[in-house]
Amino acid sequence: MDFRYSPEDEAFRKEVRDWIKENLPESWATEQEALGISEDSFQMALEWQKRLYKRGWVGLTWPKEYGGGGGTLMQQVILSEEMAKARAPGIANTLGVGMAGPTILSFGTEEQKKQFIPKILSGEEIWCQGFSEPDAGSDLANLKARAIRDGDYYVVNGQKVWSTFAQYGDRCLLLVRTDPDVLPKHRGITYLLMDMKTPGIEVKPLKQMTGDSEFNEMFLDNVRVPVSNRLGEENRGWYVAMGTLAFERAGMGQAIMFKQVLNEIFRLAAKTKRNGIPAIKDSTIRQRLAQCAIECEIMRLNSYRSLSTSLKGGGPGPEEMFSKLFWSEMNQRMTELAAQILGIDSVIEGEGEAQLWQYRFLRSRGNTLEQGSSEILRNVIGERVLGIPR
Amino acid sequence: MEFTLNEEQQMLKGIARDFLENRCPKAHVRDMLTDEKGYSPELWQDMAELGWQGLMLPEEYGGTGGDFVDMVVLIEEMGRALLPGPFIPTVVYGGVAILQAGTSEKKNELLPRIAQGELSLTLALQESSERFDAEGVAAEAVEKEDHYILSGTKILVPYAHVADYILCVCRSRSSSDAEDGISLFLVDAEGEGISCITRTTFDGRKLCDVKLGEVKVSKANLLGEPHGCWPLVKRLVDHGSVAMCAEAIGGAQMAMEMSISYAKERIQFGRPIGTNQAIKHKCANMFVDVECGRSIMYWAAWAVDEGVPEASLAVPMAKSWCCDTYRRVAADSIQVHGGIGFTWDHDIPLYFKRAKTLEYTFGDCDYQREIVVRELERQLASG
Ligand SMILES: Cc1cc2nc3c(=O)[nH]c(=O)nc-3n(C[C@H](O)[C@H](O)[C@H](O)COP(=O)(O)OP(=O)(O)OC[C@H]3O[C@@H](n4cnc5c(N)ncnc54)[C@H](O)[C@@H]3O)c2cc1C
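Note that the coordinates shown come from a computational prediction; the quantities given were computed from them, not determined experimentally.

A. Here's a closer look at the overall build of chain A. What chain A contains, in helices and strands, is 13 helices and 10 strands. In summary, chain A has a C-alpha radius of gyration of 22 Å against a globular reference of 21 Å for 390 residues, a match within 12%. Principal-axis analysis of the C-alpha atoms gives chain A an extent of 70 × 45 × 45 Å. For chain A, long-range pairs separated by at least 24 residues make up 72% of all intrachain contacts whose partners lie at least 6 apart in sequence.

Here is the structure:
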């Protein structure tokens, strides 16, 4: 067992740091979050992604022939650690790089890879995800958006919901029903890559409890998707989709990001008074701070464990199965603690630091729903990992 | 970066599991609940034959030259089997102290005997103040020519009643800094002036109050620098705390496995109880907590072994998480088992009791969390 980085790793780390110093405008480090979900923040993320892409650092481990960096997993980890430490903005094409790309690389044809991957990395084409429907949330296999084959096209009719960033999307990962009668239902689902400029698509932003509109309703009225944009075989889309969900893993960068947030909470506790004394002197707050710190550290260590297993060529270790379950609930505890320290300021509208915490506090409630609710994830652990019957 | 068990460690784990399933079944654990010694000398000898007491000792002293991470792998299995006895006090406190701070005579004299299973040692740190820091050390050591005179009372000393030597932490010089003036003595447990009252915990472990009544100890039995031993004591406590984490994770793993099996087998309302999410999700939570515990426990073991600065955070973090986990998993295991899990003859209560006893050793989870915050405050203040 060894938790140290090798000299080559450290050399790469220095390279990343130096590059960040030259390419990341200082104010960006915090500005993006303050901008919230807006056109401005999206444009900042897009500009940042372009700079990273030029350096070969979007999709660092993806094959060079499709515009990736051809780097190692270890380098990817160091890169995301350093980005988090520098508080660099996120990239614009989160879903493209996080989900669409890996799925297309695993399941796509050669033409699809050549067509889509480079533009995912450069940010030229922003991706969104159209899985959920009004009657198909946790029970995703119940989806009804109907696709009927018409020559070289599928004609799609139906409604999607909670589609994040569909308002910015150029392309969409779309799950549709191609066989309405088959049982079990998941055997009649097909995976399509839909151009969002196709006639018949209407996107209506939904206002979230944060006040922002990250996600949308999406109405599909006779939308024609070429059969060549099908990922995998007809009626086999469920298996591709399950692959996609497996790519939604929390990484090391995220672990470092949470540590930064934790440090902020410590500073907040030091300067905020509760009942006449600094919050950090309050023994209940101290216990909660410690618990959050321990959980942040565990998240980092779990990522190391996954990384170490992957480097040895092993499949996902047990810790990977619950990483999202773990951090989503941890983030709720952390943001609740910050709100508690701030007290009434955390619920008053306005601007400034308190509002940032207010936003994080509200946004964290979505974490245990999106990408598989905590209940569904506990079912998955119970049934698939521990083998307890349904 | 390497965060998986190597081949030898996996082998050790397998051998330890087989041996302990065979030699330390629950019937043995129950026998020891009322045994005066609280452990079996025959089993102790057989463990020595497998090289366990010498696992961390260099070959020149009859050991196998392993490291602390190897030891933690072994202790996890001991926790799973609920092995009673003075293994951790002897090997982790005694062995590490002599190896790190003993003179070459002491090493040559004692380490081979530890490896051969001939000696049992323990650490006497706590006193009536029940503190775990240097301020809690009041027992005095007064220098007299070629020896020291030790007086005071140590409490909760594990297995002192069967120890050959007791490592006594004493104040040998007064100073405004509590961590200055601490010495560590290797005291013959049979020596004049020592008296011992044994108490038994509800899981059959022995904790002794050791009275030092003007005990004469030769200067040759000083371990490490006189007056400057607090860092060494701290290292022993760190090693011990991580050993507790390993016991906790091993025990929690077993309680969890029993619960999962029961959730699959026990039929109520015509189906396995595990089909109910109230039960299934409890099992899922156990799994998450135990695996997280394993991550942080191995990190702490590595940090302590390497002596890197991270250890000051890793140890209290691991202790808090692992002991919380053990307690929670064992409690939920009783719930999953229903009435049978509440009976004296069922094994789950043995785990529940062990979990609670372990938590108190070197400070409960609240205490560990307080240490974590202090350390983080210190780190943030120094940038
Ligand atoms: C911020 C945010 C962003 C999102 N982005 C996207 C996106 O980009 N694309 C997309 O397709 N979807 C997206 N979603 C949708 C998300 O995947 C769904 O909300 C989620 O799958 C839950 O579905 P539902 O909302 O219909 O709730 P339901 O499935 O109706 O669940 C309601 C409650 O019942 C529980 N429940 C349901 N079934 C079970 C069961 N079998 N056992 C135990 N409990 C159960 C759930 O855990 C939940 O607590 C997003 C959601 C959020 C909050």
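B. Inspection of the packing of helix 2 (residues 28–35) of chain A against helix 3 (residues 39–54) of chain A at higher detail. Residues and elements named next belong to chain A. Between helix 2 and helix 3, the shortest axis-to-axis distance is 8 Å and the interhelical angle comes to 140°. The crossing of helix 2 and helix 3 is left-handed. Residues Trp28, Glu31, Gln32 and Leu35 of helix 2 touch helix 3, and the partners they reach there are Asp40, Ser41, Met44, Ala45, Glu47, Trp48 and Arg51. For the contact of helix 2 with helix 3, the per-class residue count stands at 5 nonpolar, 2 polar and 4 charged.

C. Focus on the interface of chain A and chain B. With 45 residues of chain A at the contact, the number on the chain B side is 43 residues. Taking both sides of the interface into account, the surface hidden between chain A and chain B amounts to around 4400 Å²; carbon and sulfur atoms contribute 68%. If you sort the residues of chain A by the area they bury against chain B, A:Met1, A:Phe3 and A:Arg286 come out on top, with a joint share of 18%. The partner of A:Lys312 in a salt bridge is B:Glu2, and the shortest N-O contact between them spans 3.3 Å. For the side of chain A that touches chain B, the elements supplying multiple residues, two or more each, are helix 8 (252–271), helix 9 (283–311), helix 11 (323–342) and helix 13 (374–385) of chain A. Looking at which element gives the most residues to the side of chain A that touches chain B, the answer is helix 9 of chain A, with 18 residues. Here the side of chain A that touches chain B is composed, by residue class, of 23 nonpolar, 9 polar and 13 charged.

D. A look at the site of the ligand. For the ligand, the set of nearby residues contains 18 residues, the closest of which are A:Ser138, A:Trp162, A:Thr164, A:Ser373 and A:Glu375. Between the ligand and A:Phe131 there is a distance of 3.0 Å, counted from an oxygen atom to a backbone nitrogen or oxygen. Here B:Gln277 contributes a side-chain N or O atom positioned 2.8 Å from a nitrogen atom of the ligand. Contact with the protein chains hides 69% of the accessible area of the ligand, taken as 970 Å² for the molecule alone. Going through the elements one at a time, strand 3 (153–164) and helix 13 of chain A are the ones with two or more residues in the shell around the ligand. Its residues placed into classes, the shell around the ligand shows 5 nonpolar, 10 polar and 3 charged. Per-domain counts for the shell around the ligand show at least three residues from each of domain 2 (127–235) and domain 3 (250–385) of chain A.

E. A look at the state of the cysteines. The tally for this structure, following the rule as stated, stands at 0 disulfides over all chains. A:Cys172 takes part in no disulfide bond, and the closest cysteine sulfur to it belongs to A:Cys128, at a distance of 3.8 Å. Judged by relative accessible area, A:Cys172 falls into the buried class, the value being 0%. Note on B:Cys196: no disulfide assigned, nearest cysteine sulfur contributed by B:Cys208 at a separation of 3.8 Å.

F. Structural detail: the domain arrangement of chain A. Residue and element names in this part refer to chain A. Entries for chain A in the domain assignment read domain 1 (7–92), domain 2 (127–235) and domain 3 (250–385). Contacts between the two partners involve 4 residues from domain 1, matched on the other side by 5 residues from domain 2. Three residues stand out in domain 1 for area buried against domain 2, namely Ile37, Glu39 and Phe42, and they jointly supply 89% of the buried area on that side. Counting across the interface, domain 1 meets domain 2 through 0 residue pairs in polar contact (both at pLDDT 80 or more). Its residues assigned to classes, the side of domain 1 that touches domain 2 shows 2 nonpolar, 1 polar and 1 charged.

G. Representation of the domain arrangement of chain B within the structure. Residues and elements named next belong to chain B. Here chain B is described as being made up of domain 1 (7–119), domain 2 (122–226) and domain 3 (231–381). Relative placement of domain 1 and domain 2: their C-alpha centres are 23 Å apart. In this complex, domain 1 contributes 24 residues to the contact, which on the side of domain 2 involves 20 residues. Three residues, Leu33, Tyr93 and Lys106, lead the burial of domain 1 against domain 2; their summed loss comes to 26% of the area buried on that side. Summed over the shared surface of domain 1 and domain 2, the number is 0 salt bridges. Where domain 1 packs against domain 2, one counts 8 residue pairs in polar contact (both at pLDDT 80 or more). Within the residue set of the side of domain 1 that touches domain 2, elements represented by two or more residues are helix 2 (26–33), helix 5 (87–101) and helix 6 (104–115). For the side of domain 1 that touches domain 2, the element with the most residues is helix 5, which contributes 6 residues. When the residues that make up the side of domain 1 that touches domain 2 are grouped by side-chain class, the tally is 14 nonpolar, 4 polar and 6 charged.

H. Summary view of unusual backbone geometry. Residue A:Leu183 is joined to A:Pro184 through a cis peptide bond whose omega torsion reads -10°. Phi at B:Glu145 is positive, roughly 50°, even though this residue is not glycine. With respect to the helices, strands and loops of the structure, B:Glu145 is situated in the loop between strand 2 (140–144) and strand 3 (147–158). Residue classification places B:Glu145 among the exposed positions, given a relative accessible area of 69%. Positive phi values are uncommon outside glycine, yet B:Leu156 reaches one of about 55°. Structurally, the position occupied by B:Leu156 is in strand 3.

I. The pattern of salt bridges, seen in detail. In total, this model carries 61 salt bridges over all chains according to the counting rule given. Residue B:Asp289 is joined to B:Arg328 by a salt bridge in which the shortest nitrogen-to-oxygen separation is 3.0 Å. Taken together, the residues B:Asp289 in helix 8 (residues 277–306) and B:Arg328 in helix 9 (residues 311–337) connect sequence positions 39 residues apart. It is possible to trace a salt-bridge network through shared partners that takes in A:Arg305, B:Lys13, B:Arg17, B:Glu76, B:Glu77, B:Glu291 and B:Arg294.

J. View of the packing of aromatic side chains. Inspection of every chain in the model, using the stated rule, returns 22 aromatic pairs over all chains. Here B:Phe19 and B:Trp52 contribute two aromatic rings whose centre-to-centre distance is 5.2 Å and whose plane-to-plane angle is 80°, an arrangement assigned as edge-to-face. A residue pair is termed long-range when its members are at least 10 positions apart, and B:Phe19 in helix 1 (residues 7–23) and B:Trp52 in the loop between helix 3 (41–49) and helix 4 (68–81) qualify at 33 residues. Judged by its relative accessible area of 15%, B:Phe19 falls in the buried class. Given the relative accessible area of 2%, B:Trp52 is considered buried. The ring of A:Tyr154 is capped by A:Arg149, whose NZ or CZ atom sits 5.7 Å from the centre of that ring. Above the plane of the ring of B:Trp321 lies B:Arg328, whose end atom (NZ or CZ) is 5.9 Å from the centre.

K. Molecular detail of helix 9 of chain B. All names here are of chain B. In this model helix 9 runs 38 Å from its N-terminal to its C-terminal C-alpha over 27 residues, within 8% of the 39 Å that 1.5 Å per residue would give. Of all 27 residues in helix 9, 21 are buried, a share of seventy percent or more. Looking one or two places after helix 9, you find Gly338, whose phi comes out positive at around 70°.

L. Here's a closer look at a nonpolar patch on the surface. All names here are of chain A. On the surface, a cluster of nonpolar side chains totalling about 300 Å² of accessible area is made up of Ile344, Val347 and Ile348. You can see Ile348 is positioned in the loop between helix 11 and helix 12 (353–367). On the basis of relative accessible area, Ile348 is assigned to the partly exposed category, the value being 45%.

The rules behind each value
Residues numbered from 1 in each chain as written. Chains lettered and ligands numbered in written order. Predicted model: local features only at pLDDT ≥ 70, side-chain atom pairs only at ≥ 80, totals over all residues. Heavy atoms only, no water. Helix = DSSP H or I, 4+ residues; strand = E, 2+ residues; numbered from the N terminus. Rg over C-alpha atoms; globule rule 2.2 N^0.38 Å. Contact = heavy atoms within 4.5 Å. Axes fitted to C-alpha atoms, helices over the stretch in contact; angles between N-to-C directions. Left-handed = near helix turned anticlockwise from the far one by under 90°. Nonpolar A, V, L, I, M, F, W, Y, C, P; charged D, E, K, R; others polar. Buried area = accessible area lost by both parts, 1.4 Å probe. Salt bridge = Lys/Arg side-chain N within 4 Å of Asp/Glu carboxyl O. Near = heavy atom within 4 Å. Polar contact = N/O pair within 3.5 Å; in protein donor to acceptor, adjacent residues only side chain to side chain. Areas by Shrake-Rupley, 256 points an atom, 1.4 Å probe, with all protein chains shown as cover. Domains from an automatic or database assignment. Disulfide = S-S within 2.5 Å. Buried < 20%, exposed > 50% of the residue type's maximum accessible area, 1.4 Å probe, protein only. Phe/Tyr/Trp six-rings, centres within 6.5 Å; stacked < 30°, edge-to-face > 60°. Lys NZ or Arg CZ within 6 Å of the ring centre and 35° of its normal. Expected span 1.5 Å × (residues − 1). Patch = residues over 30% accessible without salt bridge, like charges linked within 9 Å, V, L, I, M, F, W, Y side chains within 5 Å.

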